[in-house]
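Residues per chain, in single letters:
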Amino acid sequence: MSIAATAWLAAQTTSGAIRQEQGQVLADDARIYDKLLDLAATRPSWRGADRTVRDLAAGTGRRIALTTQDRKVIADSAGPAPKHGARLPARASAVVDPLAVDSTLAAASSRTARSGAGGSGTGGSGAEGGLGTGTGSDAVDRIDPRAVGPFRLTASERKGLRQITDKAVSCLRERGVDAKAVEGPNGRPYITSPDDSEVQFTEYGCGPGYVGGLTPTERRALDKVNKLAEACMRRKGAEPVKLGLTVSRDGAPRLYQAYVPPSAPQPIPAATPREEVPMGEPSMDEPSMGEPSKEGAAKKEAAAREQAAREGAVRNGAAKDEATKDEAAKDGGVYSPRLDEGARSAEDVRRQEQTDAAQAVAANCVDSARREQLGPYVSSPALLFITSPDGSRPSESGFQLSGANTARLVGLAAAVLAVTVAATAFAATRLTRPLRALTMATQRMKTGEATEPVPARSAGEISQLAAAFNDMAAHRRALEEQRKAMVSDVAHELRTPLSNIRGWLEAAEDGVVATDPELVTSLLEEALLLQHIVNDLQDLAAADAGTLRLHREPVCAVDLAEQVVAAHQARADAAGVRLTAVADGDPWLTADPLRLRQAIGNLVSNAIRHTPAGGEVTVLCRPVDGSSVVIEVADTGTGISAEDLPHVFDRFWRADKSRTRATGGSGLGLAIVRNLVQAHGGTVQADSTLGKGTTFMVTLPVT
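Basis of the calculations
Residues numbered from 1 in each chain as written. Predicted model: local features only at pLDDT ≥ 70, side-chain atom pairs only at ≥ 80, totals over all residues. Heavy atoms only, no water. Helix = DSSP H or I, 4+ residues; strand = E, 2+ residues; numbered from the N terminus. Buried < 20%, exposed > 50% of the residue type's maximum accessible area, 1.4 Å probe, protein only. Contact = heavy atoms within 4.5 Å. Pairing = 2+ DSSP bridges. Axes fitted to C-alpha atoms, helices over the stretch in contact; angles between N-to-C directions. Expected span 1.5 Å × (residues − 1). Polar contact = N/O pair within 3.5 Å; in protein donor to acceptor, adjacent residues only side chain to side chain. Disulfide = S-S within 2.5 Å. Left-handed = near helix turned anticlockwise from the far one by under 90°. Nonpolar A, V, L, I, M, F, W, Y, C, P; charged D, E, K, R; others polar. pLDDT = per-residue confidence, 0-100. Core = buried A, V, L, I, M, F, W, Y, C linked by side-chain atoms within 4.5 Å. Salt bridge = Lys/Arg side-chain N within 4 Å of Asp/Glu carboxyl O. Patch = residues over 30% accessible without salt bridge, like charges linked within 9 Å, V, L, I, M, F, W, Y side chains within 5 Å. Areas by Shrake-Rupley, 256 points an atom, 1.4 Å probe, with all protein chains shown as cover. Phe/Tyr/Trp six-rings, centres within 6.5 Å; stacked < 30°, edge-to-face > 60°.

Quick look at the overall build of the protein chain
Secondary structure assignment for the protein chain yields 14 helices and 16 strands. For the protein chain, buried positions account for 37% of its 703 residues. Partitioning the intrachain contacts of the protein chain with sequence separation of at least 6 by distance along the chain shows that 68% fall at a separation of at least 24.

Some thoughts on the sheet that holds strand β16 (residues 693-701)
Strands sit in the order β11-β13-β14-β16-β15 across an open sheet of five strands; the sheet is mixed. The strands lining the two open edges of the sheet, one partner per strand, are β11 (578-583) and β15 (683-689). Averaged over all adjacent pairs, the angle separating strand axes in this sheet is 15 degrees, with direction ignored. Where strand β14 (residues 628-635) and β16 come together, seven bridges link them in antiparallel fashion.

Examining helix α13 (residues 593-609)
Helix length check: α13, at 17 residues, gives a terminal C-alpha distance of 24 Å against a target of 24 Å (1.5 Å per residue), a fit within 8%. Two or three places before Leu594, at the opening of α13, Asp592 has a side-chain oxygen 3.2 Å from that residue's backbone nitrogen.

Things to note about the state of the cysteines
Evaluated as defined, the whole model comprises one disulfide. There is a disulfide in this structure between Cys232 and Cys365, and the S-S distance comes to 2.3 Å. Residues Cys232 and Cys365 are joined by a disulfide whose S-S torsion is about -65 degrees; by sign, that bridge is left-handed. Note that Cys232 is positioned in helix α5 (residues 216-235) and Cys365 in helix α7 (residues 337-374), a separation of 133 residues in sequence. The thiol of Cys556 is unpaired, and the distance to the nearest cysteine sulfur, on Cys621, comes to 8.0 Å.

A closer look at the packing of α13 against helix α14 (residues 669-679)
As a packed pair, α13 and α14 sit with axes 9 Å apart at the nearest point and diverge in direction by 145 degrees. As α13 packs across α14, the resulting crossing turns out to be left-handed. Packed against α13, whose contacting residues are Arg595, Gln598, Ala599, Asn602, Leu603 and Asn606, the element α14 presents Gly669, Leu670, Ile672, Val673 and Leu676 at the interface. When the residues that make up the contact of α13 with α14 are grouped by side-chain class, the tally is six nonpolar, four polar and one charged.

Regarding the confidence of the model for the protein chain
On average, residues of the protein chain score 75 in pLDDT, and 69% of them reach the 70 mark or higher. When mean pLDDT is compared element by element in the protein chain, β14 scores highest at 95, while strand β8 (residues 277-278) scores lowest at 46. Within the model, pLDDT remains below 50 along residues 328-335, and this stretch shows five contacts once partners closer than five positions in the same chain are excluded.

Comments concerning the pairing of strand β1 (residues 63-67)
A regular strand carries its side chains on alternate faces of the sheet. When you tally the buried positions in β1, you get five out of five residues, the bulk of the element. Burial along β1 is two-sided: the face carrying Arg63, Ala65 and Thr67 and the face carrying Ile64 and Leu66 are both buried. Both β1 and strand β9 (residues 382-387) contribute to a ladder of five bridges, which runs antiparallel. Residue Thr67 lies in a different strand from β9, and its bridge partner there is Leu383. Here β1 pairs with strand β2 (residues 73-76) via three bridges, running antiparallel. Bridge pairing links Thr67 to Val73 in β2. Taking the residues between adjacent antiparallel strands as the criterion, β1 and β2 are bridged by five residues, where Arg71 takes a positive phi near 70 degrees.

Observations regarding the sheet that holds β2
Strand pairs in the sheet, formed through backbone hydrogen bonds, run parallel or antiparallel to each other. What the four strands build is an open sheet, ordered β2-β1-β9-β3; its pairing is antiparallel. Two strands lie at the open edges of the sheet, namely β2 and β3 (94-96), each paired on one side alone. Geometrically, the sheet is characterised by an average inter-axis angle of 25 degrees between neighbouring strands, direction not taken into account.

Side note on the nonpolar core
Among the nonpolar cores identified, the biggest contains 43 residues, and Ile600, Leu603, Val604 and Val633 are the most heavily contacted of them. In terms of residue count, α13 provides more of this core than any other element does, seven residues in total. If we ignore the near neighbours within four places in the chain, the residues touching Val604 are Val564, His568, Leu579, Val619 and Val633.

Considering the pattern of salt bridges
Taken as a whole and judged by the stated rule, the model has 15 salt bridges. Where Arg622 meets Glu632, a salt bridge forms, and the shortest distance between an N and an O atom there is 2.9 Å. Residue Arg622 is found in strand β13 (residues 616-624), and its partner Glu632 is found in strand β14; the two are separated by ten residues along the sequence. Accessibility expressed as a relative area gives 16% for Glu632, which makes it buried.

Side note on α14
The set of residues buried in α14 consists of Leu670, Ala671, Ile672, Val673, Asn675, Leu676 and Val677. Buried residues along α14 sit against α10 (517-545), α13, β15 and β16.

Considering the packing of α10 against α14
It is the contact of α10 with α14, at a shortest axis distance of 10 Å, that shows an interaxial angle of 35 degrees. For the pair α10 and α14, the crossing hand works out as left-handed. Here Asp536, Leu540, Ala543 and Asp544 of α10 come into contact with α14, specifically with Ala671, Ile672 and Asn675. Here the residues of the contact of α10 with α14 are counted per class, giving four nonpolar, one polar and two charged.

Comments concerning a nonpolar patch on the surface
Taken together, Leu431, Leu435 and Leu465 make up a surface patch of nonpolar side chains, about 240 Å² in accessible area. Along the chain, Leu435 falls in helix α8 (residues 403-446). Given a relative accessible area of 33%, Leu435 falls into the partly exposed group.

Examining the packing of aromatic side chains
With the rule as written, the count across this model stands at one aromatic pair. Relative to Phe696, the ring of Phe649 has its centre 6.1 Å away and its plane inclined at 90 degrees; by these criteria the two rings are edge-to-face. Of this pair, Phe649 sits in the loop between β14 and α14 while Phe696 sits in strand β16, and the two are 47 residues apart along the sequence.

Structure (structure tokens):
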């Protein structure tokens, strides 16, 4: 997870830095292209190109060169003799031609200008504004809007129009509109509002956002382009079109077709955009410079001719319909409107094709006329080369990470490395600390030293391992203590009879006592006690090893209880204890009768030993749900305290810590009982009340 997060963070930061640098390179390319395009559109013969190229190269840190189409250097930021003989790439970055603008770089330049300026203005190349063809087609106008050529107003014309515009601006400001006057590419002023670019200035009664009417300069330029377009149309055998002049919302002049010959059927004219208004005959409330009467008359004459053409087309269509009906009647046929509609559709298609062809011819001639008119006023096309400072890489691969981005990437890498090292060290410490503690505890356990519990501070496998080790150490410690106690108890149990046998034999050897039958009987009892202890230890060892063999057979629980009572009746009578066997039903089970009598006999012997004279010991047999048999041995003896009760089945455990022979046996009887009962698949438990007696309950399965 951490590696994936680190890789994602590094990839995001690096890709972000690369995108930023690439975006900066593209923005620089667009700005360089726009500056040089502005120079070419406003100055012929590339005047001032050297200074502009040097300034752009100093601002972007790139090598910029302009050459002619045959690669003759116009301007080069590297100077007339570039260092290290750096050559220009084989492929130019762009072609700077104000009459054929690169739409991609122009669009990027427009976006950069809008994001940088945050408002409207006249800067930036693009298809918006400028001397558009106005042909009605969707073709993009590739002539730079700053290439106005002969449409550029004189100083006196600009001054007069500016005075009129300033009055309108003052009027708007008095009405609370934040308006200002801005000059368009050809020097014609127009009004704009930084707060609301969509405001309609006519709503405030201060006039439109521009000054109507053509100036003498604009009229002469318009007449010139009309003559050029007319000559082109006549050469191509088409009837000439008439061009008019409008002003776009950003103050740039635009051409449009004011008249199209009626021989080419016309589509329904689209509404004039509110940001482009024809500049023909001025209205009464619009100030104008120059006399527009002739132009107004020409427009009226053109409109009349266009209307007459439309009416003639309608009349011709109606006459054709009547002729079609009469022809059908003469032939004895029936006139079909559906067939007539098909004929009309074919005619409409033909007319539309004629219209499209006329529009294409008109657009081509208008574009050719504009280029011919603007050619002397703009610079010739030039190849633009944008490379790295040494010229080794072109613009698209010549970017390098800036100092800020380089520092950010280095800082990120250092931070990621530091965090990774810290996290790794922290994780390693947390992982190895409990392992080292476990290793040291294991070594102490190996040498027999006391082992303290290993702390498990965290969750997971290491914590589980530490908990398991602590449990194992505690269990081992308990086993070790039991082993030591058992060795001590076995030594004590064996030492007593051996000491008695040795003492009597030494006394007999020394002649202190006579070797009479009474002495022999006493020594035999001590030998039997030793044998009994050894047999008990052997039984426990066999049970622990799983080698205790059982010879199962059907056994009557009542008969087994009576046999045990009969075997211990003499001892009970000698102790003054009443011993009885009681049966509840006739329970049978499958068991080893010898081992089962040994277990019940140990319980009865233990009960007689701890029951005072006058007490009672009862052996009760009863079935339970037909699946098991319960044999209870209950006494009315001294009882066992609550804190000693959980230890009664431990080996060599005795309530009397002095372990005198008068108060108990070897401490192995109850441990043997538990092992024998468990070997039969049963359970044994004890219930006792101090001073009232104890009950041992053995539960054995029937089969």
